[in-house]
Amino acid sequence: MTSFSRAVAELKRYPSAVAGLLLIALLLLAGIFAPLYIPYGEALAKWRGGDAWRMYPVNAAPAWTDWLTGNNNPRTQILSTRDASRTQAHFAGGRQEHIALHFDYEADGFPSELNVFLQTDRSARAPFVRLTWLTPSGERFLLGGQRVSAADRISISQHQLLSQRLGQAPHVGLFAQPASRKSGATPVVQKGRYTLAIDAILFGDEATLEADLVVYGRVHGIAGTDHQRRDLLVALLWGIPIALAFGLLAAVGTTLTTLFIAAAGVWYGGWRDALIQRLTEINMILPLLPILVMIGALYSTSIWLMLGVVVLLSIFGGGIKMYRAMLLPIKQAPYIEAARAYGAGGFRIVIRYMIPRVLPVLIPTFVTLIPTFVFLEASLAVLGLGDPVLPTWGKILNDAQTQSALYNGYYYWVLAPAVLLMLTGLGFAMLGFAMDRVFNPRLRSL
Amino acid sequence: MKNTSRPISKATAIRQNLSRFIPFALLRLLGLFITVVIGVYLTILIANMGGKVDELRLLQIRTTVGEQVRADPAFFDMPVAERDDIIESRVTLEVKRRRLDQPFVARSIDYLLAAVRLDLGRSEEMHSDSGAREVSAIILERLPATLLLFGTANLAVFFSAVFFALRLSRRYGSWMDRAVIALAPTSAAPAWFFGIFLILVFAFLTPVLPAGGMVHVPPPEGRLAWGLSVAQHMVLPLAAMFFSSIFISIYSWRTFFLIHSSEDYVEMARAKGLPGRLIEKRYVLRPALSPIITSFALMLIGLWSGAIILEQVFNWPGLGSLIFRAIGHRDTPMIIGSVVIFAYLLAITVFLLDILYAILDPRVRIQGGRS
């Protein structure tokens, strides 16, 4: 243990090692926090997308981008009739309801979308709903009336007539100052208190109607949202444990199997060693990425299958030659001869005497190997061969690429996963490089 | 090659060397060929586990036979049922001829022979720019683009890394040296990753360079204009590859040279008062040449497989993006064909490396000649 604590003490002298360790510790904490914050099943269900995200804006930037740019972009406001007062008037076979949803709009930018979600229950016939929009300056816009089904959506942003009348998209025109609504002028936001009045005719005594007005913002949360309205935070957070698990497992799997095979080859020698050497050469010919791509295309893109194939293909990887060179002198060491003298078998010597001897020297290599696999997983995902269900950083990048995020100016979509990938890579690489200088005796004096 | 005890003419020495060298090269070539064959066979096994290749060939036979029969004027007046019978019997014949009714092991040898002969079959969905359906034609069309980009990048990285590393090893401990050490961990990220940032900054935030592709659309007239356009498109992918591997390369070469320049014979040369340049050339670089070449070849091999994703990010029309499109189309012959080509490229790299070794290191030659 003393040599270990000495190594740790020496590592502390390298600022890069300390920074790397800090980064890794942060990532590990976040990796533990992610499953607690969003349980596994929930994360998968959420990442599948769909109706759960209907009240989230499309392609909204993270909220903190406003601090950087100094803009005051709107956040999403959800106004429910459950919190609003309503007036009722009964008639034979039903009743008339008037609900007013008031909200303050103080942002400088226009909302990105405007939707009303309606739920009706225990209705004898489909209720009739009419919407009226009131601006702070007292203007009144009729948004039309229609029958609504049990769970309905009135998409005000898609209202054709209204957008023709306003000369702009409804979610811009309805929030613009009257003077700036002329064609050719840049619309300016009118701040103040807006009202959406809902007049409904309900059929049946027990019929109920609830509505949610969603004024979609242009910024959302700390990670923003993607083209399917999904909160990127889910994948950014869950990407951490997945990336760490993949990187660690792949690094452990490849290092240990390669080391074992190299040690066995060195110990037994003869035709076995020759066979291992030839297999290594064949393996060098086999291109890893195209084979992974082929397996992904022909069978499945499950991350665990990929992990298995990565480990399988690196069993006879290039590392063997390096380990062999390290292990060859050890074979002649007196302590191995002592082990043979007491009758230790070949397997025991390989496992208990040869491998432990080179392990410390291999730790730096092992640490620097982890980011390689983290990036490999991301590479596969960027190629469209990511795991079909798991939320990972690579899949965010892939989505961003297929949606031309950079071209459309959604920089956050690319930057957030890229920065996380880079931090992971840097954390392990900085630690690994410093460890290399501490553990590797030939480098210590340099 | 000096022989003080028995002076011989230069011509004899060369002849002697050649007589050792040629068998060595041939043996090595044979060994590599066997390696490629086994590698390709493994690829075929992987691709066949789902029976994909067989399904594909059956389908191919059916379509070709069907086309042949339908296009033949002799069968034009025949009723459909009768024509279908003819197609069916011809398909059965063809299946027998290609031994598709036989067990897989026997047939896998056939696939292997075809793949090794680079008879890669026809693509299902894709075709080359000139319209050819042959997998080999499509691949050959894309190969120059890949070679241009990755050849340039590798050479640039390699030579600048060795050059800077030599300078740094002389000025070990300077701020430049420390900067390189500090920057080395950034190489944990692959080239495509840097590519994303470069595209963001130089193609979108300050649009000075094209974000992707190989030439402008439409391609400019004239050789010079075309070359300039290609050069302009190459800047960003080259920069991405350069940044992703330059610091780690300089770092490892610097360490390597430092270790080598602390050898006793270098100290001796220094004690003799030889000039620094001469020490570098004759005492540090010359013995280190074999490892330098090895790492050069290993870098080549590494970049071959890294090509897919970088080409995809930069929309570079090379082998990598070809594979990517092939995946999109689920075009199995195309995917397998590309893997075979990759295997050959790697084998050629390894072979050239061996030849270079033999030229540089006499020990390899002698050993090779004997075995």
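Residues numbered from 1 in each chain as written. Chains lettered and ligands numbered in written order. Predicted model: local features only at pLDDT ≥ 70, side-chain atom pairs only at ≥ 80, totals over all residues.

## A short note on the overall build of chain B
Moving on, step 1. Broken down by element type, chain B carries 14 helices and zero strands.
Moving on, step 2. Counting from the amino terminus, chain B carries its helices and strands in the arrangement α-α-α-α-α-α-α-α-α-α-α-α-α-α.
Moving on, step 3. Put simply, chain B has 371 residues, and 32% of those count as buried. (Helix = DSSP H or I, 4+ residues; strand = E, 2+ residues; numbered from the N terminus. Buried ≥ 20, exposed ≤ 12 C-beta atoms within 10 Å, placed from the backbone.)

## Details of the overall build of chain A
Moving on, step 1. Counting secondary structure elements, chain A contains 17 helices and nine strands.
Moving on, step 2. For a compact globule of 446 residues, the expected C-alpha radius of gyration is about 22 Å, and chain A comes in at 31 Å, more than 25% above that figure.
Moving on, step 3. Seen through its principal axes, chain A has C-alpha atoms that stretch 105 × 45 × 40 Å.
Moving on, step 4. Sorting the 446 residues of chain A into buried and exposed places 41% on the buried side.
Moving on, step 5. Pairs at least 24 residues apart make up 74% of the contacts formed inside chain A by residues separated by at least 6 positions. (Rg over C-alpha atoms; globule rule 2.2 N^0.38 Å. Contact = placed C-beta atoms within 7 Å.)

## Some words on the interface of chain A and chain B
Moving on, step 1. On the chain B side, the residues contacting the 37 residues of chain A number 42 residues.
Moving on, step 2. When residues of the side of chain A that touches chain B are traced back to their parent elements, those giving at least two are α8 (270-285), α9 (288-298), α13 (346-385), α16 (411-439) and α17 (441-444) of chain A.
Moving on, step 3. With eleven residues, α16 of chain A is the single largest residue contributor to the side of chain A that touches chain B.
Moving on, step 4. Taken together, the residues of the side of chain A that touches chain B sort by class into 32 nonpolar, three polar and two charged. (Nonpolar A, V, L, I, M, F, W, Y, C, P; charged D, E, K, R; others polar.)

## Some thoughts on the pairing of strand β5 (residues 128-134) of chain A
Residue and element names in this part refer to chain A.
Moving on, step 1. Only one face of β5 is buried: it carries Val129, Leu131 and Trp133, and the other face, with Phe128, Arg130, Thr132 and Leu134, is open.
Moving on, step 2. Bridging between β5 and strand β8 (residues 192-203) involves seven bridges; their strand directions are antiparallel. Paired with leucine 134 across the bridge in β8 is threonine 195. (Pairing = 2+ DSSP bridges.)

## Re the domain arrangement of chain A
Moving on, step 1. As assigned here, chain A comprises domain 1 (3-45 + 231-443) and domain 2 (74-216).
Moving on, step 2. A straight line from the C-alpha centre of domain 1 of chain A to that of domain 2 of chain A covers 54 Å. (Domains from an automatic or database assignment.)

## Describing the confidence of the model for chain A
Moving on, step 1. Taken over all residues, the pLDDT of chain A has a mean of 85, while the share at 70 or more is 98%.
Moving on, step 2. The secondary structure element of chain A with the lowest average pLDDT is α17 of chain A, at 58, and the one with the highest is helix α2 (residues 15-37) of chain A, at 91. (pLDDT = per-residue confidence, 0-100.)

## Focus on the sheet that holds strand β6 (residues 140-147) of chain A
All names here are of chain A.
Moving on, step 1. An order of β2-β3-β8-β5-β6 is seen for the five strands of this open sheet, with the pairing classed as antiparallel. Edge positions in the sheet fall to β2 (86-91) and β6, since each has one partner strand and no second. Going across the sheet, the axis of each strand differs from the next one's by a mean of 15 degrees, ignoring polarity.
Moving on, step 2. Note: strand β3 (residues 94-105) against β8, twelve bridges, orientation antiparallel. Looking across to β8, one finds that tyrosine 105 is bridged to glycine 192. (Axes fitted to C-alpha atoms, helices over the stretch in contact; angles between N-to-C directions.)

## Things to note about the pairing of β2 of chain A
All names here are of chain A.
Moving on, step 1. Little of β2 sits out of view: just zero of its six residues are buried.
Moving on, step 2. Two strands pair when backbone bridges link them, and β2 and β3 are joined in this way by six bridges, in the antiparallel orientation. If you follow phenylalanine 91 over to β3, its bridge partner there is glycine 94.
Moving on, step 3. Where β2 hands over to β3, the hairpin turn is made up of two residues, of which glycine 93 adopts a positive phi near 85 degrees.

## Looking at helix α9 (residues 264-272) of chain B
Moving on, step 1. Taking burial as the measure, the nine residues of α9 of chain B include zero buried ones, a minor fraction of the element.
Moving on, step 2. At the exit of α9 of chain B stands glycine 273 of chain B, carrying a positive phi of roughly 85 degrees.

## Section: unusual backbone geometry
Residues and elements named next belong to chain A.
Moving on, step 1. Phi at asparagine 59 is positive, roughly 50 degrees, even though this residue is not glycine.
Moving on, step 2. Position of asparagine 59 relative to the elements: it lies in the loop between α3 (40-47) and α4 (65-69).
Moving on, step 3. Residue asparagine 59 is classed as buried on the basis of its 20 C-beta neighbours within 10 Å.

## Describing α2 of chain A
Moving on, step 1. The terminal C-alpha atoms of α2 of chain A, which comprises 23 residues, lie 32 Å apart, in line with the 33 Å expected from a rise of 1.5 Å per residue.
Moving on, step 2. Turning to α2 of chain A, its buried residues number three or more, namely Ser16, Ala17, Gly20, Ile24 and Ala34 of chain A. (Expected span 1.5 Å × (residues − 1).)

## Overview of the nonpolar core
Moving on, step 1. With 142 residues, the main nonpolar core has Val293, Phe373 and Leu397 of chain A together with Ala240, Ile250 and Ala343 of chain B as its most contacted residues.
Moving on, step 2. Counting 29 residues, the second-largest nonpolar core is a separate cluster that includes Val116, Leu174, Ala176 and Ala207 of chain A. (Core = buried A, V, L, I, M, F, W, Y, C linked by C-beta atoms within 7 Å.)

## With respect to the environment of isoleucine 86 of chain B
Residues and elements named next belong to chain B.
Moving on, step 1. Relative to the helices and strands, isoleucine 86 resides in helix α3 (residues 80-97).
Moving on, step 2. For the pair isoleucine 86 and serine 290, spaced 204 residues apart in sequence, the C-alpha separation works out to 64 Å.
Moving on, step 3. Contacts of isoleucine 86, omitting those with residues within four sequence positions, involve Val69 and Phe75.

## A few points about the sheet that holds strand β7 (residues 151-155) of chain A
Residue and element names in this part refer to chain A.
Moving on, step 1. Sheet architecture is open: four strands sit in the order β1-β9-β4-β7, paired in antiparallel fashion. Each edge of the open sheet carries a strand with a single partner, namely β1 (77-80) and β7. Here the strands of the sheet are splayed against their neighbours by 20 degrees on average, with no regard to which way each runs.
Moving on, step 2. One ladder, built from nine bridges, connects strand β4 (residues 113-121) with strand β9 (residues 208-216); its direction is antiparallel.

## Quick notes on the confidence of the model for chain B
Caution is warranted with low-pLDDT regions, since their predicted coordinates should not be read in detail.
Residue and element names in this part refer to chain B.
Moving on, step 1. The pLDDT averaged across chain B works out to 79; a share of 87% of its residues lies at or above 70.
Moving on, step 2. Contacts from residues 1-5, a stretch scored under 50 in pLDDT, to residues over four places away or in other chains number two contacts.
Moving on, step 3. Reported for the predicted complex are a pTM of 0.81 and an ipTM of 0.77.

## As for the packing of helix α7 (residues 232-268) of chain A against helix α11 (residues 319-331) of chain A
Residue and element names in this part refer to chain A.
Moving on, step 1. At a minimum axis distance of 9 Å, the contact between α7 and α11 shows a crossing angle of 45 degrees. For the element pair α7 / α11, the angle class is oblique. Once α7 is placed against α11, the crossing between them reads as right-handed. Listed contacts from α11 to Thr258, Leu259, Ile261, Ala262, Ala263, Gly265, Val266 and Trp267 of α7 are Gly319, Ile320, Tyr323, Arg324, Leu327, Leu328 and Lys331. (Parallel < 35°, antiparallel > 145°, perpendicular 65-115°, else oblique. Left-handed = near helix turned anticlockwise from the far one by under 90°.)

## Topic: the environment of methionine 322 of chain A
All names here are of chain A.
Moving on, step 1. Of note, methionine 322 is situated in helix α11.
Moving on, step 2. Methionine 322 sits in the partly exposed class, given 14 other C-beta atoms within 10 Å.
Moving on, step 3. Taking C-alpha positions, methionine 322 is 8.9 Å from alanine 262, a pair spaced 60 residues apart along the chain.

## Observations concerning the packing of α9 of chain A against helix α10 (residues 303-314) of chain A
Each pair of packed helices gets described by two things: the angle between the helix axes and the distance between those axes.
All names here are of chain A.
Moving on, step 1. The contact between α9 and α10 brings their axes to 11 Å, and the two run at 145 degrees. Considering how the two elements wind past one another, α9 and α10 form a crossing that is right-handed. Along the contact surface, α9 presents Leu288, Ile291, Leu292 and Ile295, while α10 presents Met306, Val309 and Leu313.
Moving on, step 2. Among the residues forming the contact of α9 with α10, the class breakdown is seven nonpolar, no polar and no charged.

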